[in-house]
Amino acid sequence: MSHTLGARQAQKQKTRRALLDAALGLLEEQSLSSLGLREVTRAVGVAPTAFYRHFRSIEDLGVALVEEVLGSLHPMIRTIVSTTGDGDERVAQAVELIAGHVDAYPAHVRFIARERHGGVRVVRGAIREQLALFAGEVGEALASDPVSLGWEPEDLLMLAQLYVDQMLVTASALLEAVGDGAGERERVVRDAVRRMRLIGIGRAHWVGGG
């Protein structure tokens, strides 16, 4: 009996995985608000009723995608905030890590770039929640940096949000540069480094208040 239950659970997880992968693939060319349930189940080869064993709705599937897609960013964020070296070196390493993530997970980046301001409210909210978690992680790392001595918590969070926003902008720009040649990619990387350096300069001269 336990073997049968284990096999059923494994099949259920396999189908759920297939639905998520199929949806992510279909979302390469469209937004979540235009994605149909039957379109997803047809791509997997299961009956539409099987969808509801895993998700309540397409919106629910979208939230699951957000958690999975942005969850894959946590290791990169932790690596970025733990890098050592001088300011310019750390910025260069951060941009290199972002570029590597875009190369490894282009569909993830495209999904977030499109749905962050897309038409599905609950998915926009899920993205905001995940990005707030990222900002919290970055803020904790910034708080331990000597440069942040005496900073107010809300200022640290504001700085963390600037860095997270810039990471997303950089990832989206790198994705758009795919297929435009090495020169365009180098330009995007160069601009990203300059912007992050500018944030760092502002940080060094921030006095708070206001």
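Bear in mind the structure is a predicted one, so any value in this text is a computation, not a measurement.

Student: I'm lost on the overall build of the protein in this one. Help?
Tutor: Secondary structure assignment for the protein yields 10 helices and zero strands. Listing the helices and strands of the protein from first to last along the sequence gives α-α-α-α-α-α-α-α-α-α. Structurally, the protein occupies a C-alpha span of about 60 × 40 × 35 Å along its principal axes. Each of the 210 residues in the protein was classed as buried or not, and the buried ones make up 40%. Within the protein, residue pairs in contact and separated by at least 24 positions form 66% of the contacts whose partners lie at least 6 positions apart. For the protein, the accessible surface area stands at approximately 11800 Å², while carbon and sulfur atoms represent 54% of it. Considering the protein, the positive charge centre built from 24 side chains and the negative charge centre built from 27 side chains are found 8 Å apart.

Student: What am I meant to see in the pattern of salt bridges here?
Tutor: A side chain of one charge can pair with a side chain of the opposite charge when the charged atoms of the two come close. Counting across every chain of the model gives 11 salt bridges. Between Glu 28 and Arg 110 there is a salt bridge, with its nearest N and O atoms 2.2 Å apart. One end of the pair, Glu 28, is in the loop between α1 (2-26) and α2 (37-44); the other, Arg 110, is in helix α7 (residues 106-115), and 82 residues separate them in sequence. Exposure remark for Arg 110: the relative accessible area of 25% places this residue in the partly exposed category. Here Asp 165 ties to Arg 116 by a salt bridge, and the two come within 3.0 Å at their closest N and O atoms. Of this pair, Asp 165 sits in helix α9 (residues 153-177) while Arg 116 sits in the loop between α7 and α8 (121-143), and the two are 49 residues apart along the sequence. The partly exposed category is assigned to Asp 165, whose relative accessible area is 33%. Members of the salt-bridge network, linked through shared partners, are Arg 17, Asp 21 and Glu 68.

Student: What's the story with the layout of surface pockets in this structure? I'm lost.
Tutor: Left-over empty space is what a probe sized like a water molecule reveals as it rolls over the atoms. Taken as a whole, the second largest pocket encloses approximately 260 Å³ of empty space. Lining the second largest pocket are 21 residues, with Leu 73, Ile 112, Met 167, Leu 168 and Ala 171 positioned closest to its centre. The dominant element in the lining of the second largest pocket, judged by the number of residues it contributes, is α9, at six residues. Across the lining of the second largest pocket, the residue classes break down as 16 nonpolar, four polar and one charged.

Student: Would you take a moment to explain the packing of α9 against helix α10 (residues 182-204) for this structure?
Tutor: Working note: a packed helix pair is described by the angle between its axes plus the distance between those axes. Orientation of α9 relative to α10, taken along the N-to-C sense of each, is 175°, at an axis distance of 9 Å. Accordingly, the angle class assigned to the pair α9 and α10 is roughly antiparallel. On α10, the residues that touch Leu 159, Leu 162, Tyr 163, Gln 166, Thr 170, Ala 173, Leu 174 and Ala 177 of α9 are Glu 184, Arg 185, Val 188, Val 189, Ala 192, Arg 195, Met 196, Ile 199, Gly 200 and Arg 203.

About the thresholds
- Residues numbered from 1 in each chain as written.
- Predicted model: local features only at pLDDT ≥ 70, side-chain atom pairs only at ≥ 80, totals over all residues.
- Heavy atoms only, no water.
- Helix = DSSP H or I, 4+ residues; strand = E, 2+ residues; numbered from the N terminus.
- Buried < 20%, exposed > 50% of the residue type's maximum accessible area, 1.4 Å probe, protein only.
- Contact = heavy atoms within 4.5 Å.
- Areas by Shrake-Rupley, 256 points an atom, 1.4 Å probe, with all protein chains shown as cover.
- Lys, Arg positive; Asp, Glu negative; His and termini not counted.
- Charge placed at Lys NZ, Arg CZ, Asp CG, Glu CD.
- Salt bridge = Lys/Arg side-chain N within 4 Å of Asp/Glu carboxyl O.
- 1 Å grid on protein atoms, 1.4 Å probe; cavity = no way out; pocket = protein on both sides within 12 Å on 5 of 7 lines; lining within 4 Å.
- Points joined across faces, edges and corners; volume = space filled by probe spheres on them.
- Nonpolar A, V, L, I, M, F, W, Y, C, P; charged D, E, K, R; others polar.
- Axes fitted to C-alpha atoms, helices over the stretch in contact; angles between N-to-C directions.
- Parallel < 35°, antiparallel > 145°, perpendicular 65-115°, else oblique.

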